[in-house]
Amino acid sequence: MRPVAHKRRAASGRGVGNKAAGALAALENLLRRALPGHCAFCLGEPAPGQSWCLPCYRELAWNTYGCRLCAEPLNWVATLCRHCREAPPAFARARVPLAYQGAVRDLVQDFKFHASPRAGTLLVELFASALDEAPAEALLPVPLHPARARQRGFNQARWLADRLGTRLGLPVLEASRRTDTPSQRPLSRGERFANLAEAFDVASPLPERVALVDDVMSTT
């Protein structure tokens with residue numbers, strides 16, 4: 001079930017988005033048939049009904065001690081990071097169950113830069129396994145600019161949100177990016193905020209609780 005509150009149109013353009021989504025879905029089904037019954041990380045015996053074995057699952061870079069607002073990794077003593085103490089974010093809570101390290105980093109890069117449906121499917125399954133409740137009333141993927149989506153071949157945040165929405169029974173809403181902003185990676189914290197100022201548009205009114213979906217969360 002995937003109730004959608006707004007007319008669907010891919011941020012990357014209708015034709016490109018539909019073709020990329022179809023190709024990814026076909027590859028995803030092929031991989032599921034080709035590698036049944038093996039842990040996705042070590043090819044050992046998986047836990048019942050899972051894509052991984054318990055030892056590999058436990059050894060992933062879980063973000064066990066994170067800021068209770070932005071989920072920035074912390075030591076076990078603190079509950080809020082310095083940035084959230086000094087200037088609390090506009091959102092109520094971030095869900096970031098895994099740190100960008102080791103096998104998780106490899107999955108994200110394989111998914112984001114090589115359009116791997118196997119990696120994307122595993123990321124969705126891992127995230128869903130760490131949720132104790134539906135995060136909001138609707139999901140809103142962070143949009144790519146159409147030029148960036150055409151270059152990459154698909155919108156990774158939309159891909160993740162569609163599958164999470166199906167699992168959680170939540171509608172997937174839509175936003176658009178006004179400008180093709182530079183990459184956030186080389187920028188400082190202040191430069192990242194300035195880079196994204198007035199960069200997005202939302203087509204319709206939003207429900208009270210909305211969860212933004214992206215592949216990686218960095219500066220908040």
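Quick summary incoming for the structure in this document. What you see is a predicted model, and the numbers here were worked out from it, not measured in a lab.

Counting its regular elements, the chain contains 8 helices and 4 strands. What you see in the chain, going N to C, is helices and strands ordered as α-α-α-α-α-β-α-α-β-α-β-β. Among the 220 residues that make up the chain, the fraction classed as buried is 37%. Pairs at least 24 apart in sequence give 66% of the contacts found in the chain among residues at least 6 apart.

Between helix 4 (residues 102-114) and helix 5 (residues 117-130), the shortest axis-to-axis distance is 8 Å and the interhelical angle comes to 130°. The angle between helix 4 and helix 5 falls in the class oblique. In this structure, helix 4 crosses over helix 5, and the sense of that crossing is left-handed. In contact with Leu107, Val108, Asp110 and Phe111 of helix 4, helix 5 contributes Arg118, Ala119, Gly120, Leu122, Leu123 and Leu126. When grouped by side-chain class, the residues that make up the contact of helix 4 with helix 5 number 7 nonpolar, 1 polar and 2 charged.

Thresholds, definitions, all that
- Residues numbered from 1 in each chain as written.
- Predicted model: local features only at pLDDT ≥ 70, side-chain atom pairs only at ≥ 80, totals over all residues.
- Heavy atoms only, no water.
- Helix = DSSP H or I, 4+ residues; strand = E, 2+ residues; numbered from the N terminus.
- Buried < 20%, exposed > 50% of the residue type's maximum accessible area, 1.4 Å probe, protein only.
- Contact = heavy atoms within 4.5 Å.
- Axes fitted to C-alpha atoms, helices over the stretch in contact; angles between N-to-C directions.
- Parallel < 35°, antiparallel > 145°, perpendicular 65-115°, else oblique.
- Left-handed = near helix turned anticlockwise from the far one by under 90°.
- Nonpolar A, V, L, I, M, F, W, Y, C, P; charged D, E, K, R; others polar.

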